[in-house]
Amino acid sequence: MKLQGKTLDKSIVLCRACDLAVSKRALPSGVRALCPRCHTALYDTPYCSINGMLALCLAAVFLYFPANLLPVLEIHFLGNIRNTTVIQGAIAVIDQGYWVVGIAVLLAAVVAPGLLLLSVLFQILIIKFGRRSVFLKTSLKQLLKRQNLVTQFTMLEIYMLGFLVSAFNLSDFSDIYFSVGSFCFTMLFVVTLFLQREYNLEHMWSFVDD
Amino acid sequence: MTKRNRNTGMTLGLCLCTRCRKMNSKSQSHCLRCDSPLHTRDDTSLQKSWALLITAAILLVPANIYPISMITNQGKVTYDTIFSGIAHLVHTDMIPIAIILFVASILVPVMKIVGLTIYLIAISFELPISKKYLMAGFHIIEWIGRWSMLDLFVISITVALVNMGQLLDVKPAPAATAFALVILLTQMAAHVLDTRLLWDRLEVKNDGN
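The structure displayed is predicted, hence computed values, not measured ones. (Residues numbered from 1 in each chain as written. Chains lettered and ligands numbered in written order. Predicted model: local features only at pLDDT ≥ 70, side-chain atom pairs only at ≥ 80, totals over all residues.)

**Regarding the overall build of chain A**
Right, so step 1: In terms of helices and strands, chain A carries eight helices and seven strands.
Right, so step 2: Scaling as 2.2 N^0.38, a compact globule of 210 residues should have a C-alpha radius of gyration of about 17 Å, whereas chain A reaches 21 Å, well beyond that.
Right, so step 3: Expressed along its principal axes, the backbone C-alpha trace of chain A runs to roughly 75 × 40 × 35 Å.
Right, so step 4: In chain A, buried positions account for 33% of the 210 residues.
Right, so step 5: For chain A, the proportion of contacts with a sequence separation of at least 24, taken over those separated by at least 6, is 60%. (Helix = DSSP H or I, 4+ residues; strand = E, 2+ residues; numbered from the N terminus. Rg over C-alpha atoms; globule rule 2.2 N^0.38 Å. Buried ≥ 20, exposed ≤ 12 C-beta atoms within 10 Å, placed from the backbone. Contact = placed C-beta atoms within 7 Å.)

Structure follows, in structure tokens:
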């Protein structure tokens, strides 16, 4: 067991959950290797086309603004008409003095998805055009280090279920209409989902190595 | 149970970077790739996790007994706790929505706290519980925990949408903050824990996978 550097990296992988050393094998595409001891996902085949991700990322950035700035839901109640955007929802809660809740909502539904898209966009652009520059390479490193955190805070899918649940909730005593924003938000979720499926952190790190 | 294929990073003199998952030699103090500090095992993570978990468990009480929203309907003010809101949904025959909200705001936080407590007790007191089930439970907790945010999203949308003064008005109430903190703290407790500790400590006595 005296292998050095690169060869070792390619032949053995350590499980992050139980530290078991597992010898690496080539996988068919779409298959994930699980740790034989604790069943944590170890690695999968890099399925990560830079150009495909760039396209998805740009689409998501274009959808991001209408999704957050256009009204999501509209309520008609005894002649009163109100609508709300995602950001207004968070601000309304902060205005009532519940800033912990408001910031949590803002972070999970607006800030984190935005950071995620920006970060992935910059990573792709650096990999495509700026791999010579030392400064850009260190910034790529910094972005990749924070990738997991940003992904954890991104909760688009939960927010989507959130406005569906509130629509059903309120339809009990008023008329509820979905506005353009909810369509954009759903599309943003779908595009981001595909982007995250395409994205492979391990593969992105390999660009830093060489 | 062959001992041959039970090599861990520890015995091979290797250490995985928890940040970028690169393998480093145990002699390194910082990861070669991302410069994060390396620890073969993070023993303090157990204490941190306990502290966060206990705080979350304490906060779960106000989150459930205090009202989470205040509804003014034609001058009449009613307060809803998490549970009474769900009970109200059951009465108005919206069972599917009631089930979704029940799972997201009551079942998941409680299961998460109970599950993590069992997990941490198993590490701290070396209980002979099947490690495989513990780990499966841990993965479920990690994945499903974030769905508790659903209730907060629903409140935020409803508060912004329903503001018609005395006619119809919804405002958040104190339990919302406690509930948000419960989610944050339990997620942190699961995130901070070094799960490799479980496999080390129980390895000696019980290898019952």
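**Regarding the domain arrangement of chain B**
Right, so step 1: Segmenting chain B into domains produces domain 1 (1-40) and domain 2 (41-203).
Right, so step 2: The straight-line distance from the C-alpha centre of domain 1 of chain B to that of domain 2 of chain B is 34 Å. (Domains from an automatic or database assignment.)

**Considering the nonpolar core**
Right, so step 1: Grouped together as the largest cluster of nonpolar side chains are 111 residues, with contacts concentrated most on A:Val105, A:Leu188, B:Leu152, B:Phe179 and B:Val182.
Right, so step 2: Those residues within four positions of A:Val105 in sequence are excluded, and the remaining contacts are A:Gly89, A:Ala90, A:Val93, B:Leu152, B:Phe153 and B:Ser156. (Core = buried A, V, L, I, M, F, W, Y, C linked by C-beta atoms within 7 Å.)

**Re the pairing of strand β5 (residues 73-77) of chain A**
All names here are of chain A.
Right, so step 1: Bridge analysis of β5 against strand β6 (residues 80-84) gives five bridges, and the strand direction is antiparallel. Residue Ile 75 lies in a different strand from β6, and its bridge partner there is Arg 82.
Right, so step 2: Linking β5 to β6, which pair antiparallel, is a turn of two residues; within it Leu 78 sits at a positive phi near 45 degrees.
Right, so step 3: Sheet topology places β5 next to strand β7 (residues 175-178); four bridges connect them, and they run antiparallel. Among the inter-strand pairings, His 76 is bridged to a residue of β7, identified as Asp 175. (Pairing = 2+ DSSP bridges.)

**Looking at the sheet that holds β6(A)**
The strands making up a sheet associate through backbone hydrogen bonding, with each pair oriented either parallel or antiparallel.
Right, so step 1: Spatial ordering of the open sheet is given by β6-β5-β7 (chain A), a layout of three strands whose pairing is antiparallel. A single partner strand is all that each edge strand has here, and the edge strands are β6 and β7 of chain A. Averaged over all pairs of adjacent strands, the angle between strand axes in this sheet comes to 20 degrees, irrespective of strand direction.
Right, so step 2: Sheet contacts for helix α6 (residues 149-161) of chain B: β5 and β6 of chain A; angle to β6(A), the most-contacted strand, approximately 140 degrees. (Axes fitted to C-alpha atoms, helices over the stretch in contact; angles between N-to-C directions.)

**Digging into the interface of chain A and chain B**
Right, so step 1: Taken residue by residue, the interface counts 53 residues in chain A and 51 residues in chain B.
Right, so step 2: Where the side of chain A that touches chain B is concerned, the elements lending two or more residues are α1 (5-11), β5, β6, α3 (86-95), α4 (99-129), α5 (134-153), α6 (156-170) and α8 (201-209) of chain A.
Right, so step 3: With 10 residues, α6(A) is the single largest residue contributor to the side of chain A that touches chain B.
Right, so step 4: Here the residues of the side of chain A that touches chain B are counted per class, giving 33 nonpolar, 10 polar and 10 charged. (Nonpolar A, V, L, I, M, F, W, Y, C, P; charged D, E, K, R; others polar.)

**Digging into unusual backbone geometry**
Right, so step 1: A positive phi angle is found at A:Leu78, which is not glycine, with a value near 45 degrees.
Right, so step 2: Here A:Leu78 is to be found in the loop between β5 and β6.
Right, so step 3: Classification of A:Leu78 by C-beta neighbours within 10 Å gives exposed; the count is 10.
Right, so step 4: Phi is positive for B:Gln74, which is not a glycine, with a value near 50 degrees.
Right, so step 5: Relative to the helices and strands, B:Gln74 resides in the loop between β3 (69-73) and β4 (76-80).

**Comments concerning the packing of helix α2 (residues 44-65) of chain B against helix α7 (residues 175-192) of chain B**
All names here are of chain B.
Right, so step 1: At a minimum axis separation of 8 Å, α2 and α7 run at an interaxial angle of 160 degrees. With respect to α7, the axis of α2 lies roughly antiparallel. For the pair α2 and α7, the sense of crossing is left-handed. On the side of α2, the interface is formed by Ser 45, Lys 48, Ser 49, Leu 52, Leu 53, Thr 55, Ala 56, Leu 59, Leu 60, Pro 62 and Ala 63, while α7 contributes Ala 175, Ala 178, Phe 179, Leu 181, Val 182, Leu 185, Thr 186, Met 188, Ala 189 and Val 192.
Right, so step 2: Of the residues assigned to the contact of α2 with α7, the class counts are 16 nonpolar, four polar and one charged. (Parallel < 35°, antiparallel > 145°, perpendicular 65-115°, else oblique. Left-handed = near helix turned anticlockwise from the far one by under 90°.)

**Digging into α3(A)**
Right, so step 1: Residues of α3(A) that are buried include every one of A:Val86, A:Gln88, A:Gly89, A:Ala90, A:Ala92 and A:Val93, and no others.
Right, so step 2: On its buried face, α3(A) sits against α2 (50-69), β6 and α4 of chain A together with α6 and β6 (168-172) of chain B.

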